[in-house]
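# Reading the structure
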Amino acid sequence: MLGNATSGDRRGRRALVLVENLSVPFDRRVWQECTTLRDAGWTVDVICPQGSKRDTEPEAEIDGVRIHRYPLRAATGGPAGYLREYGSALWHTVRLARKVGPVDVVHACNPPDLLFLPALWLKRRGARFVFDQHDLVPELYLSRFDRGQDVLYRAVCALERLTYRAADVVLATNESYRDVAVRRGGRRAEDVFVVRSAPDVDRFHPVPPEPALKRGKPHLLCYLGVMGPQDGVDYALRALARLRDELGRTDWHAVFVGAGDTFDAMVELSRRLGLTDHVQFTGRVPDADLVRYLSTADVCLSPDPHNPLNDVSTMNKVLEYMVMGRPVVSFDLREARVSAADAALYAPANDETAFAELIARLMDDPELRARMGAIGQERINGPLSWRNSQAALLAAYAAACRDRSPVPAGAPGRSGKRPRR
């Protein structure tokens, strides 16, 4: 096991982490993985896109992790836009990987399921390939685009199979994803490691509430997360309209923290529903402000609708609500129950009226809110702790690198220059 290896065994190990979906360290899961590897004696480089408002520097070294970023324009205009985005990302990834030089492990995080291409190029140069499956892309395609199992769906299924086939080990975010890797991906169970996402409890913890954030109302409702077609912000807004119109409740203020493809559409939907005076959209905010909102919230919302992706995915926002001791209202999803258990109340799938009724129930029961919040914190500090995921991550790396010597300290590319060919 790598976690039990001596420092001499680990000396010289080098990992290259590839990310296309988010910048680093904004991607919390990736950043926690990087710092875990660093603390275990690995030299860690990351290749990722630049952020628009943060993580904008082309190159940075943060807490001993070297980050190489490239400019990337998000896809617009349908499939052609994604081809342009992914083509640009792959070109920049290979360009920067040549700059980094030889590595022992290439660690590719999806989506998309295209990073196996630079990973294969690095495998031919002696690296081992760790596939970190953040999303099930075939289910993401079905849930996001509602096009059915068309030719593009069959293409993303093929890319997923090629990624599984190329990987030496697979990291799954939960047992549902692990089952897919074994059943659909044909991977041996011993080559698939469950590395759950979990908040950093040393950095992410409650602070004293700020009643002013409630805008003069008795209760604050909070949504945190990405705003994309599959994330259910529209369900949350319609549930809030029902909370007001059908249940007669106006004793609340709601704040939606985050951004994404549908942000502007959600602001417009809020206006059409007449919620402008009740709902605040902050966009992305610094972590300190996020902690202020969550520490003040009475009820947190996880409105992800039931679809092929959401039912088997672990929602990071639910875990972050739990670490802050907040009760959650969620639709009834398989992995939501695995994560939150009794820290959440569950509405029948996609039932906005039931969702509103559960919000009202929690607003009226402070003892239930406190009890559910305590359960969430206990779970985050126990079975869902990042400590458990750290052990699984290091075990995966040990399995990938078994019987492999580290890259020599003087190998070409160690200085950052392009290796000779």
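Residues numbered from 1 in each chain as written. Predicted model: local features only at pLDDT ≥ 70, side-chain atom pairs only at ≥ 80, totals over all residues. Heavy atoms only, no water.

Before going further, it helps to spend a moment on the side chain of Thr-93. As for its placement among the helices and strands, Thr-93 is situated in helix H3 (residues 79-100). Residue Thr-93 is classed as buried on the basis of its relative accessible area, which comes to 2%. Contact partners of Thr-93, with chain neighbours within four places excluded, come to Leu-18, Ile-47, Tyr-70, Leu-115 and Pro-118. (Helix = DSSP H or I, 4+ residues; strand = E, 2+ residues; numbered from the N terminus. Buried < 20%, exposed > 50% of the residue type's maximum accessible area, 1.4 Å probe, protein only. Contact = heavy atoms within 4.5 Å.)

This next bit is on helix H9 (residues 263-272). Every buried residue of H9 is accounted for by Phe-263, Met-266, Leu-269 and Ser-270. Buried residues in H9, looked at end-on, bunch into an arc of 120°, giving them a common side. Pointing more than 90 degrees away from the buried face of H9 are the exposed residues Asp-264 and Arg-272. Those residues of H9 that are buried are in contact with helix H8 (233-245) and strand S11 (279-283). (Arc of directions from axis to C-beta.)

Turning our eyes to something else, we now look at the nonpolar core. With 65 residues, the main nonpolar core has Leu-240 and Phe-256 as its most contacted residues. For Phe-256, the residues in contact, after removing those within four places along its chain, are Tyr-223, Met-227, Val-233, Ala-236, Leu-237, Leu-240, Val-279, Gln-280, Phe-281, Thr-282 and Gly-283. In terms of nonpolar packing, the next biggest core, distinct from the first, is built from 34 residues, Ala-97, Leu-140, Tyr-164 and Val-180 among them. (Core = buried A, V, L, I, M, F, W, Y, C linked by side-chain atoms within 4.5 Å.)

Glancing now at the pairing of strand S13 (residues 328-331). Residue alternation in S13 divides its side chains into two sets, Val-328 and Ser-330 and Val-329 and Phe-331, and both sets are buried. Bridge count between strand S12 (residues 299-302) and S13: 3 bridges; the pairing is parallel. Bridge assignment links Cys-300 to a residue of S13, and that residue is Val-328. Each parallel crossover has a hand, and for S12 linked through helix H11 (residues 316-323) to S13 it is right-handed. (Pairing = 2+ DSSP bridges. Right-handed = clockwise from strand over helix to strand, strands pointing away.)

Attention now goes to the packing of aromatic side chains. Taken as a whole and judged by the stated rule, the model has 9 aromatic pairs. Note on Phe-331 and Phe-355: the rings are 4.9 Å apart at their centroids and 45° apart in plane angle, and the pair reads as tilted. A residue pair is termed long-range when its members are at least 10 positions apart, and Phe-331 in strand S13 and Phe-355 in helix H13 (residues 352-363) qualify at 24 residues. With respect to class, Phe-331 is no different from Phe-355; both count as buried. An aromatic cluster is present here, built from Tyr-223, Phe-256, Phe-263 and Phe-281 joined pairwise through their rings. The ring of Tyr-235 has Arg-238 sitting right over it, with the charged end atom 4.9 Å from the ring centre. (Phe/Tyr/Trp six-rings, centres within 6.5 Å; stacked < 30°, edge-to-face > 60°. Lys NZ or Arg CZ within 6 Å of the ring centre and 35° of its normal.)

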